[in-house]
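Here's the letter readout for the chains.
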Amino acid sequence: MTTTSTTDPIILAEGLTKAFGSSPGRFRRRRTTDGGFTAVDGIDLRIAPGELVGYIGPNGAGKSTTIKMLTGILTPTSGLLRVAGFEPQRDRVRLARRIGVVFGQRTTLWWDLPLKDSFTLLQRLYRIPPDRFGENLAYYTAALDLGEFLDRPVRQLSLGQRMRGDITAALLHDPAVVYLDEPTIGLDVVSKHAVREFLSDLNQRTGTTILLTTHDIADIERLCSRVVAIDHGRVTYDGSIDDLRADRDLETVVRELYLGRSLVDTTE
C-alpha cells in the first residue's frame with residue numbers, strides 16, 4: 001500500500017498537461033498544431049497536507065480539467081501527478097477512498113431516495129465501519145443542520161439543503177483531500193455563510209486538505225490563505241492571498257486575473 005509522509009505534498013503535479021484532439025467550442029484554449037487544443041498546459045502544483053487552497057480562473061481556463069485529472073476521471077497527456085501517494089489514473093479505486101468531491105451544479109445523491117438513505121448507501125459503498133459512520137453522520141447532521149430534512153427525498157430539497165447533503169456525502173468516509181467545485185453557487189446569503197463557516201471549521205479541526213474552485217470572491221476571502229490562478233491552461237499566480245491583495249482590493253486583482261493578466265513576473 002502506498003503511503004505519504006506528513007512532509008510530502010499531498011497533491012503533486014509537475015508539467016501536468018491535457019490535450020484533446022478537437023475543440024468542443026469552449027474558449028480560452030491553446031490550439032495545437034494538429035487542430036486540437038490544450039486545456040491544461042504544463043501546470044506545476046504542490047499542496048501540503050491541511051492546506052485550503054483557492055483554485056481560480058475564468059470559465060474555460062482549465063480548472064475542471066485539472067480536477068478531473070486529480071480524481072482519475074481523465075488521464076494526463078503528459079507530466080507527473082500524485083494525490084495522497086497514488087497515481088490517480090492507475091489507482092482510481094483506492095484513491096476514491098482518500099478523496100471527496102462536491103460539484104456545485106451536480107449532485108452525487110440518489111434523487112428519489114430520502115437523504116439519509118443516500119448516506120446509508122455511501123456507508124456500504126465506502127465500507128465505513130458502523131461506529132465511525134454513526135459518529136460522522138451525527139456530527140455533520142448537527143454542524144450542517146440536516147436533521148429536519150433527513151427523511152425527505154433529495155428531489156424535494158432546496159438547493160441549499162441539497163448542497164449541505166452533498167458536502168456530507170463527500171466527507172462521511174473521512175477523506176484526506178476534498179475537491180469543492182463552486183460549493184456556494186446559487187445559495188442564499190445565509191446558506192453561503194453556513195457552508196463557509198463549516199468548511200473553515202472542518203479544515204482547522206481535522207486538517208482535511210481542501211482545493212476550492214469558485215467565482216465568489218467572498219469564498220476566497222473567508223476560506224483561503226493561498227490562491228492558485230489559472231488562465232489558458234497555465235498558472236498565472238500561486239501565492240498567499242495577503243500578497244495578492246497587498247496593494248489593491250482583492251476584487252480588482254481577481255478581476256484582472258480573470259481578464260488574463262498574469263501576476264507572475266515573466267521577465268527573468
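Residues numbered from 1 in each chain as written. Predicted model: local features only at pLDDT ≥ 70, side-chain atom pairs only at ≥ 80, totals over all residues. Heavy atoms only, no water.

- If you check an unreviewed UniProt entry, the chain appears there as ATP-binding cassette domain-containing protein from Actinospica acidithermotolerans.
- For the chain, the Subcellular location (unreviewed entry) comment in UniProt is given as "Cell membrane". (UniProt positions renumbered as here; feature names shortened; annotations may be inferred.)

Description of the packing of aromatic side chains
Piece 1. Scanning the entire structure with this criterion turns up three aromatic pairs.
Piece 2. On the numbers, 5.2 Å between centres and 65 degrees between planes, the contact of Tyr139 with Tyr140 is edge-to-face.
Piece 3. The exposure class assigned to Tyr139 is partly exposed, which follows from its relative accessible area of 26%.
Piece 4. An angle of 75 degrees between the planes, with centres 5.9 Å apart, marks the rings of Tyr140 and Phe198 as edge-to-face. Taken together, the residues Tyr140 in helix H4 (residues 130-143) and Phe198 in helix H6 (residues 189-206) connect sequence positions 58 residues apart.
Piece 5. Each member of the aromatic cluster is reached from another via a ring pair, and the members are Tyr139, Tyr140 and Phe198.
Piece 6. One Lys or Arg, Lys18, reaches over the ring of Phe20 and ends 5.2 Å from the middle of that ring.
Piece 7. A cation over an aromatic ring shows up here: Arg106 above the ring of Phe103, its NZ or CZ 4.5 Å from the ring centre. (Phe/Tyr/Trp six-rings, centres within 6.5 Å; stacked < 30°, edge-to-face > 60°. Buried < 20%, exposed > 50% of the residue type's maximum accessible area, 1.4 Å probe, protein only. Helix = DSSP H or I, 4+ residues; strand = E, 2+ residues; numbered from the N terminus. Lys NZ or Arg CZ within 6 Å of the ring centre and 35° of its normal.)

Let's talk about the nonpolar core
Piece 1. Within the largest apolar cluster, 42 residues are counted, with the highest numbers of intra-cluster contacts made by Leu115, Phe119, Ile167 and Phe198.
Piece 2. No other element matches helix H5 (residues 159-171), which puts five residues into this core.
Piece 3. Setting aside residues up to four positions removed in sequence, Phe119 forms contacts with Leu109, Phe133, Leu137, Leu146, Leu150, Gly165, Thr168, Ala169 and Leu172.
Piece 4. With 27 residues, the next largest nonpolar core counts Leu16, Ile47, Leu95 and Val228 among its residues. (Core = buried A, V, L, I, M, F, W, Y, C linked by side-chain atoms within 4.5 Å. Contact = heavy atoms within 4.5 Å.)

Observations regarding the environment of Gln123
Piece 1. Its place among the elements puts Gln123 in helix H3 (residues 115-126).
Piece 2. Take Gln123: its relative accessible area is 16%, and that puts it in the buried class.
Piece 3. When the C-alpha atoms of Gln123 and Phe133 are compared, they prove to be 6.8 Å apart, with 10 residues separating the residues in sequence.
Piece 4. When sequence neighbours within four positions are dropped, the list of residues in contact with Gln123 reads Ile128, Pro129, Pro130 and Phe133.

Some details on the packing of H5 against H6
Piece 1. Their axes nearest at 10 Å, the elements H5 and H6 cross at an angle of 15 degrees. By the criterion of interaxial angle, the relationship of H5 to H6 is roughly parallel. Crossing hand, H5 versus H6: right-handed. Residues Gly160, Ile167 and Leu171 of H5 pack against Ser191, Val195, Phe198 and Leu202 of H6.
Piece 2. For the contact of H5 with H6, a count of residues per class yields five nonpolar, two polar and no charged. (Axes fitted to C-alpha atoms, helices over the stretch in contact; angles between N-to-C directions. Parallel < 35°, antiparallel > 145°, perpendicular 65-115°, else oblique. Left-handed = near helix turned anticlockwise from the far one by under 90°. Nonpolar A, V, L, I, M, F, W, Y, C, P; charged D, E, K, R; others polar.)

Notes on the pattern of salt bridges
For side chains bearing opposite charge, pairing can occur when the charged atoms are close.
Piece 1. Within the structure shown, the criterion is met by 16 salt bridges.
Piece 2. With a closest N to O distance of 3.9 Å, Glu87 and Arg82 form a salt bridge.
Piece 3. When its relative accessible area of 25% is taken as the criterion, Glu87 is described as partly exposed.
Piece 4. Here Asp174 makes a salt bridge to Arg132, at a shortest N to O gap of 2.9 Å. Here Arg132 lies in helix H4 and Asp174 lies in the loop between H5 and strand E7 (177-181), a separation of 42 residues in the sequence.
Piece 5. For Asp174, a relative accessible area of 37% translates into the label partly exposed.
Piece 6. Judged by its relative accessible area of 35%, Arg132 falls in the partly exposed class.
Piece 7. Here the salt bridges do not stand alone but share partners, grouping Lys192, Arg196, Asp216 and Asp219 into one network. (Salt bridge = Lys/Arg side-chain N within 4 Å of Asp/Glu carboxyl O.)

Regarding the pairing of strand E4 (residues 52-56)
Piece 1. By the criterion of burial, E4 is predominantly enclosed, with five of the five residues buried.
Piece 2. Bridge count between E4 and strand E8 (residues 209-213): three bridges; the pairing is parallel. Bridging from a neighbouring strand, Gly54 pairs with Leu212 of E8.
Piece 3. As paired strands, E4 and strand E9 (residues 226-231) are joined by four bridges and run parallel to one another. Bridging across to E9, Ile56 finds its partner in Ala229. (Pairing = 2+ DSSP bridges.)

Details of the layout of surface pockets
Piece 1. Approximately 340 Å³ is the volume attributed to the second largest pocket.
Piece 2. Lining the second largest pocket are 15 residues, with Ala96, Ile99, Gly100, Val101 and Tyr126 sitting closest to its centre.
Piece 3. If you list the elements that add at least two residues to the lining of the second largest pocket, you get helix H2 (92-96), strand E6 (99-103), H3 and H5.
Piece 4. Looking at the lining of the second largest pocket, its residues break down into 10 nonpolar, four polar and one charged. (1 Å grid on protein atoms, 1.4 Å probe; cavity = no way out; pocket = protein on both sides within 12 Å on 5 of 7 lines; lining within 4 Å. Points joined across faces, edges and corners; volume = space filled by probe spheres on them.)

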